[in-house]
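Understanding the architecture of this molecule
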Amino acid sequence: MIKTKVMEIEHLKVELRTPARNVPVVKDVSFTLYEGNVLGLIGESGCGKSATCQAIMGLLEKEKWNVKSNILLQGQKIQYSDQERLRRLRGAAMSMIMQNPIGSFNPLITLGEHFMETIRCHKAVSKGEAKQIALDMISKLNLSSPEKIMKQYPFQLSGGMLQRVMIAIALFMCPAVLIADEPTTSLDVTVQYQILGELSHLRDNFKTSMLLVSHDLGIITQMADDVAVMYAGYIIEKASAFEIFENPLHPYTRALLQSKPSFTKNRLKVLEGYPPSLMQIKAGCPFAERCSYAKKDCQKFEMSDYGLGSHTVRCLRYATLEEATTCACS
Ligand SMILES: Nc1ncnc2c1ncn2[C@@H]1O[C@H](COP(=O)(O)OP(=O)(O)O)[C@@H](O)[C@H]1O
Ligand SMILES: [Mg+2]
């Protein structure tokens, strides 16, 4: 089946500007989002997942960040310097759900005003019509008393309710691309389950492409069609979710999957050590110091194709590691 490309990210680089020098946070990230597919992005804390999401949305301030990218949305290059066009794209063609719902709202204005602002930014409607659209949106969220919620301030809602409001606002225009950065991390399991249900509904009914960032491998297994594994600012492995879980090639991916809890494991295997400091500039594979397969020649650090090319891995030694015949997560 031929999949339709919706967003292509080519060699994204993000640097943090500091008085001494620019510090690279995202060093080389490329991936494609396909129509109606979910790409799961996984990796340890601090590896640059959120910076990647925010760079794609054009949310990183120029004064603090230096972003180099070539990003195509529905075949057209996004011009990040054109703020007006970017503002129109955000919400209509691409939307983002953030990890921390409370931080994503202006504490000084009511939720009704948040809704109205989004609606009137994208649709030429009167205040009355916008209010009616907002009330309809809130009713669909399984939240009681929409009129009351319209008058409330963000701090008056629980984390789960706020996250649902944020999702409703993000999904209002049925964007082609939805970036969900740890969308359920701060929520309890039942609310998490409902939110994942809403995301699946969106994908199935509106063919939305999703970039789903999560450290929860259970969520990734449940939701993702493809998986990209990130380490120290690089994508180090990319494949279908099935391939990643059944035949992980990169030693880091294997270690990450071995840390997934399961009923059949007595003890979880812990990945020793820490990712390299952002300040460290060293040639070669940034995982080498923690890798039990590393040899002196682990200097080469390019993406290689495995199999038919839909499984790529950035490891010089992957082909000589012992066969990953058993699922690393079992
Ligand atoms: N506002 C910021 N100021 C300084 N450093 C930051 C800021 N945001 C992120 N970083 C650094 O950039 C790196 C990547 O962060 P982030 O993208 O948030 O990682 P992840 O989402 O994978 O946990 C981290 O080392 C983090 O400390
Ligand atoms: Mg993050």
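Residues numbered from 1 in each chain as written. Chains lettered and ligands numbered in written order. Predicted model: local features only at pLDDT ≥ 70, side-chain atom pairs only at ≥ 80, totals over all residues. Heavy atoms only, no water.

1. Some details on the site of ligand 1
Rule in force here: Residues are classed as near a molecule or strand on a simple rule: at least one heavy atom within 4 Å of it. Residues adjacent in sequence count toward polar contacts only when both atoms are side-chain atoms; beyond that, a polar contact is any pair of N or O atoms within 3.5 Å, and within protein one must be able to donate a hydrogen and the other to accept it. Each accessible area is a Shrake-Rupley estimate made with a 1.4 Å probe; only the visible protein chains count as cover when residues are assessed. Segments assigned H or I by DSSP are reported as helices when at least four residues long, segments assigned E as strands when at least two residues long, and all are numbered from the N terminus. Any residue outside Ala, Val, Leu, Ile, Met, Phe, Trp, Tyr, Cys, Pro, Asp, Glu, Lys and Arg is labelled polar, Gly included; the first ten of those are nonpolar and the last four are charged.
Around ligand 1, the structure places 13 residues, and the nearest of them are G46, K49, S50, A51 and K64. Interatomic distance of 2.8 Å between a side-chain N/O atom of S50 and an oxygen atom of ligand 1. Protein burial of ligand 1: of its 560 Å² of free accessible surface, 63% is covered by the chains. Of all the elements, helix 1 (residues 49-57) adds the most residues to the shell around ligand 1, at three residues. Of the residues contributing to the shell around ligand 1, the split by class is six nonpolar, four polar and three charged.

2. Re the nonpolar core
To keep things clear, this is the line we draw: Joining through side-chain atoms within 4.5 Å is the link that ties buried Ala, Val, Leu, Ile, Met, Phe, Trp, Tyr and Cys residues into a set, and such a set is a nonpolar core. Only protein chains enter the accessibility calculation, which uses a 1.4 Å probe; a residue is then buried when its area is under 20% of its type maximum, exposed when over 50%, and partly exposed in between. Note that domain bounds follow an automatic or database assignment of domains.
One finds I97, F115, I119, V165, L178, V227 and V229 to be the most contacted residues of the largest nonpolar core, which totals 59 residues. At eight residues, the largest contribution of residues to this core is made by helix 6 (residues 159-171). Each of domain 1 (5-104 + 174-224) and domain 2 (249-320) contributes no fewer than three residues to this core. A55, I71, L89 and I179 belong to the second-largest nonpolar core, a separate cluster that totals 36 residues.

3. As for the packing of aromatic side chains
Aromatic ring pairs are reported here in terms of the distance separating the ring centres and the angle at which the planes meet. Quick note on the threshold: Any pair of Phe, Tyr and Trp rings, taking the six-membered ring for Trp, is counted once the centres come within 6.5 Å. Such a pair is stacked with planes under 30 degrees apart, edge-to-face with planes over 60 apart, and tilted for the rest. To sit over a ring, a charge needs its Lys NZ or Arg CZ within 6 Å of the ring centre and within 35 degrees of the ring normal.
Under the criterion given, the structure shown has five aromatic pairs. Seen in terms of ring centroids, Y231 and Y252 are 4.6 Å apart; in terms of plane orientation they differ by 55°. Their pairing is tilted. Here Y252 lies in helix 10 (residues 251-258) and Y231 lies in strand 9 (residues 226-231), a separation of 21 residues in the sequence. Y252 carries the same exposure label as Y231, and that label is buried. Judged by its relative accessible area of 1%, Y231 is buried. A network of ring pairs unites the aromatic residues Y231, Y252 and F287 as a single cluster. Between the NZ or CZ atom of K3 and the centre of the ring of Y34, over which it lies, the distance is 4.4 Å.

4. Here's the deal with the domain arrangement of the chain
To be explicit about the condition: Every residue pair with non-hydrogen atoms within 4.5 Å of one another is taken to be in contact. Buried area: the accessible surface (1.4 Å probe) lost by two parts on joining, summed over both. For this analysis, a salt bridge means a side-chain nitrogen from Lys or Arg found within 4 Å of a carboxyl oxygen belonging to Asp or Glu.
Taken as a whole, the chain is organised into domain 1 (5-104 + 174-224) and domain 2 (249-320). Taking only C-alpha atoms, the centre of domain 1 and the centre of domain 2 are 23 Å apart. Taken residue by residue, the interface counts 11 residues in domain 1 and 11 residues in domain 2. Taking both sides of the interface into account, the surface hidden between domain 1 and domain 2 amounts to around 1000 Å²; carbon and sulfur atoms contribute 58%. When the buried area of domain 1 at its contact with domain 2 is split by residue, R21, E44 and L217 rank highest and sum to 49% of it. Linking domain 1 with domain 2 are two salt bridges. In this structure, R290 and E44 form a salt bridge, with 3.1 Å as the shortest nitrogen-oxygen distance. Our count for the contact surface shared by domain 1 and domain 2 stands at three residue pairs in polar contact (both at pLDDT 80 or more). Sorting the residues of the side of domain 1 that touches domain 2 by element identifies strand 2 (22-34) and helix 8 (217-223) as the ones contributing at least two each. Here the element with the most residues in the side of domain 1 that touches domain 2 is strand 2; it accounts for four residues. Looking at side-chain class alone, the side of domain 1 that touches domain 2 contains five nonpolar, three polar and three charged residues.

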